[in-house]
Amino acid sequence: MPEESDAGDGSRRRWRLVRAGTDAVPPWVRQFMRRTRIPLSRAGRVRRNRQIVARLGLAAGALTVVGLLGWLVFASPVLGVREVWVEGVLILEPDQVRAAAAVPGGTPLARVDTEAVRARVAALAPAREVTVSRSWPSTLVIEVVERTPVGAVPHGNKYDLFDDHGVIYRTVSSVPSGVVRVQLATPGPQDVSTRSALEVLRSLTKRLRSQLVTLVVEGPARIRLELSGDKVVTWGDAENSDWKAKAADSLLAKPDKRIDVSGAPEVVTLG
């Protein structure tokens, strides 16, 4: 509303009241300026309540679905084990593997402890590597890689087979083709003589291997090769086996029955 005032010099000034914006109000004052909330109409309240009920219904439905899925996967026999599929076995029978796995039918597939199953199957002597996996909806897959024999130790009228780690895992009535007959007192992965035998076997040339009848290991430093034609190679210990194999191979064509490569690399004797 306009007003007039005397400035003291005889002139008159005009003043006008202007409404200031909220930015002009100090913050400590602005916090007391609350906007009055207008009450909802009856229709608005009904609409708001319906929205709340709908949202609660959706949340409850989602929780129900999640719970049902969890029950189906982790508790219900619907997705339980109906088959244990075994792959890769030749020595072992699939039923042996299933028995070792010990997984009851109907066990929820998601709850099967695959590491525990793997450990139980791996305890079977012929099993070198074991992998366990799930195949949905109801199959447990067990893949086995069996051991490969490199040596056969006489045991009465039979032979104990061992692999390239010295593990005895099978007994057979005859030496399989391509497997070396090895005389050892106490074969096994921790036996020093067994480890020496493995080192010698890995070093043999094709010609030595083809003529080898028996690898005799009476001790870590008392190794000899008994070859066809009554030839004998005195090997000594397993050190410098690669050199010893080459030296012995180069002398096979000679008529001598005794070859001694047990000395230093530069010492070879014939007899």
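Since the model is a prediction, treat every value here as computed from it, not as a measurement.

Peer 1: How would you sum up the nonpolar core? Please name residues and give values.
Peer 2: Membership of the largest hydrophobic core comes to 27 residues, with the highest contact counts inside it found for Val200, Leu204, Leu208, Leu215, Leu225, Val233 and Trp235. Breaking this core down by element, the ones donating at least two residues are strand 9 (180-183), helix 5 (192-203), strand 10 (212-219), strand 11 (222-227), strand 12 (232-236) and helix 7 (241-250). With four residues, the top contributor of residues to this core is helix 5. Apart from the residues lying within four places of it in its own chain, the contact partners of leucine 225 are Val200, Leu204, Leu208, Leu212, Thr214, Leu215, Lys231, Val232, Val233 and Trp235. Counting residues in hydrophobic clusters, the runner-up holds 19 residues, among them Val86, Leu92, Ala100 and Val130.

Peer 1: Go over the pairing of strand 11, please, and point to the residues and values.
Peer 2: Covered by surrounding structure in strand 11 are Ile223, Leu225 and Leu227 only, the residues Arg222, Arg224 and Glu226 on the alternate face being uncovered. Bridge analysis of strand 10 against strand 11 gives six bridges, and the strand direction is antiparallel. Residue pairing in the sheet places threonine 214 in a bridge with glutamate 226 of strand 11. Counted along the chain from strand 10 to the antiparallel partner strand 11, the turn is two residues long. Sheet analysis places strand 11 next to strand 12, joined by four bridges and oriented antiparallel. Across the sheet, residue isoleucine 223 finds its bridge partner in strand 12, namely glycine 236.

Peer 1: With reference to specific residues and values, describe the sheet that holds strand 4 (residues 127-135).
Peer 2: Taken together, the three strands give an open sheet; going across it, the order is 3-5-4, and neighbouring strands pair in mixed fashion. Lying at the two open borders of the sheet, with one neighbouring strand each, are strand 3 (83-87) and strand 4. If you compare each strand with its neighbour and ignore which way they point, the axes differ by 20° on average. The pairing of strand 4 with strand 5 (residues 139-146) spans eight bridges and is antiparallel. Residue pairing in the sheet places serine 135 in a bridge with threonine 139 of strand 5. Its contacts with the sheet place helix 3 (residues 94-101) against strand 3 and strand 5, and it is angled at close to 125° to strand 3. The strands that helix 4 (residues 114-122) touches are strand 4 and strand 5; relative to strand 4, the one it contacts most, it runs at about 150°.

Peer 1: Explain the side chain of aspartate 163 to me, and be specific about the residues and the numbers.
Peer 2: Structurally, the position occupied by aspartate 163 is in the loop between strand 7 (158-162) and strand 8 (168-172). By relative accessible area, which is 0% here, aspartate 163 ends up buried. Apart from the residues lying within four places of it in its own chain, the contact partners of aspartate 163 are Arg128, Arg147, Thr148, Pro149, Val150, Tyr169 and Leu198.

Peer 1: Account for the side chain of serine 138, with residues named and values stated.
Peer 2: Structurally, the position occupied by serine 138 is in the loop between strand 4 and strand 5. Not counting residues up to four positions away in its chain, the partners in contact with serine 138 are Gly80, Val81, Arg82, Glu83 and Leu109.

Peer 1: Can you explain the pattern of salt bridges? Please cite residues and give values.
Peer 2: Where charged atoms from two side chains of opposite charge come close, those side chains can pair. According to the stated counting rule, one finds 10 salt bridges in the structure shown. Here aspartate 163 ties to arginine 147 by a salt bridge, and the two come within 2.8 Å at their closest N and O atoms. Linking aspartate 163 in the loop between strand 7 and strand 8 with arginine 147 in the loop between strand 5 and strand 6 (151-155), this pair joins segments that are 16 residues apart in sequence. Residue aspartate 163 shares its accessibility class with arginine 147, and that shared class is buried. In this structure, the salt-bridge partner of aspartate 249 is arginine 207, at a minimum N-O distance of 2.8 Å. On the criterion of sequence distance, the pair formed by aspartate 249 in helix 7 and arginine 207 in helix 6 (residues 206-211) is long-range, its members being 42 residues apart. Residue arginine 207 is classed as partly exposed on the basis of its relative accessible area of 38%. When salt bridges with common partners are traced through the structure, they connect Arg128, Arg147, Asp163 and Asp164 into a single cluster.

Each value, and the rule that gives it
- Residues numbered from 1 in each chain as written.
- Predicted model: local features only at pLDDT ≥ 70, side-chain atom pairs only at ≥ 80, totals over all residues.
- Heavy atoms only, no water.
- Core = buried A, V, L, I, M, F, W, Y, C linked by side-chain atoms within 4.5 Å.
- Buried < 20%, exposed > 50% of the residue type's maximum accessible area, 1.4 Å probe, protein only.
- Helix = DSSP H or I, 4+ residues; strand = E, 2+ residues; numbered from the N terminus.
- Contact = heavy atoms within 4.5 Å.
- Pairing = 2+ DSSP bridges.
- Axes fitted to C-alpha atoms, helices over the stretch in contact; angles between N-to-C directions.
- Salt bridge = Lys/Arg side-chain N within 4 Å of Asp/Glu carboxyl O.

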